[in-house]
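# Structural overview
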Amino acid sequence: MDKITEEYLKFRSSILALNKEEIFERAFKIVFYNEIYKYFKSSGVEIVKGISIASLYSFYIKYEDINVNSAEEIAEFISKYKKYTL
């Protein structure tokens, strides 16, 4: 199992252990994790050392002008992440 899948499954398990209200409060983060995970799994993009979904989420929150609503936007977002953090 690759590290992104492992991270995603741990995140998913931690979310499913929460009560309904807590899950609702984390809806935005859940959508982000799902979209990034699906992008990595469907695009075949190599996962560069140092990239995790958690680090991408932190970067995303810091730079709110970035969108991740499509594969193209996610690719651009990851490119910006690499440029500014790796």
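I will try to describe carefully the structure that is included in this document. (Residues numbered from 1 in each chain as written. Predicted model: local features only at pLDDT ≥ 70, side-chain atom pairs only at ≥ 80, totals over all residues. Heavy atoms only, no water.)

Quick look at helix 3 (residues 27–43) now. Taking 1.5 Å as the rise per residue, helix 3 with 17 residues should run 24 Å; its terminal C-alpha atoms sit 24 Å apart, in good agreement. Along helix 3, the positions that sit buried rather than exposed are Ile30, Phe32, Tyr33, Ile36, Tyr37, Tyr39 and Phe40. Where helix 3 is buried, its residues touch helix 1 (3–16), helix 2 (20–25), helix 4 (53–62) and helix 5 (71–85). Trailing helix 3 by a residue or two, Gly44 shows a phi angle of about 75 degrees, which is positive. (Helix = DSSP H or I, 4+ residues; strand = E, 2+ residues; numbered from the N terminus. Expected span 1.5 Å × (residues − 1). Buried < 20%, exposed > 50% of the residue type's maximum accessible area, 1.4 Å probe, protein only. Contact = heavy atoms within 4.5 Å.)

This part takes up the side chain of Thr5. Looking at the secondary structure, you find Thr5 in helix 1. Judged by its relative accessible area of 11%, Thr5 falls in the buried class.

With that out of the way, let us pick up the packing of helix 3 against helix 5. Interaxial distance between helix 3 and helix 5 falls to 11 Å at its minimum, and their mutual angle equals 90 degrees. With respect to helix 5, the axis of helix 3 lies roughly perpendicular. Residues Phe32, Glu35, Ile36, Tyr39 and Phe40 of helix 3 pack against Ala71, Ile74, Ala75, Phe77 and Ile78 of helix 5. Class assignment for the residues of the contact of helix 3 with helix 5 results in nine nonpolar, no polar and one charged. (Axes fitted to C-alpha atoms, helices over the stretch in contact; angles between N-to-C directions. Parallel < 35°, antiparallel > 145°, perpendicular 65-115°, else oblique. Nonpolar A, V, L, I, M, F, W, Y, C, P; charged D, E, K, R; others polar.)

Right, let's talk about the environment of Glu46 for a bit. Within the element layout of this structure, Glu46 appears in the loop between helix 3 and helix 4. As for Glu46 and Lys29, which are separated by 17 residues in sequence, their C-alpha atoms are 23 Å apart.

When a protein is soluble and globular, its nonpolar side chains tend to lie buried together. Core analysis: the largest hydrophobic core is formed by 23 residues, its most contacted members being Phe32, Ile36, Phe40, Ile53, Leu56, Phe77 and Ile78. If you list the elements that add at least two residues to this core, you get helix 1, helix 3, helix 4 and helix 5. Here this core gets seven residues from one element, more than from any other, and that element is helix 3. Among all residues touching Phe40, those that are not within four sequence positions of it are Ile4, Val45, Ile47, Ile51, Leu56 and Ile78. (Core = buried A, V, L, I, M, F, W, Y, C linked by side-chain atoms within 4.5 Å.)

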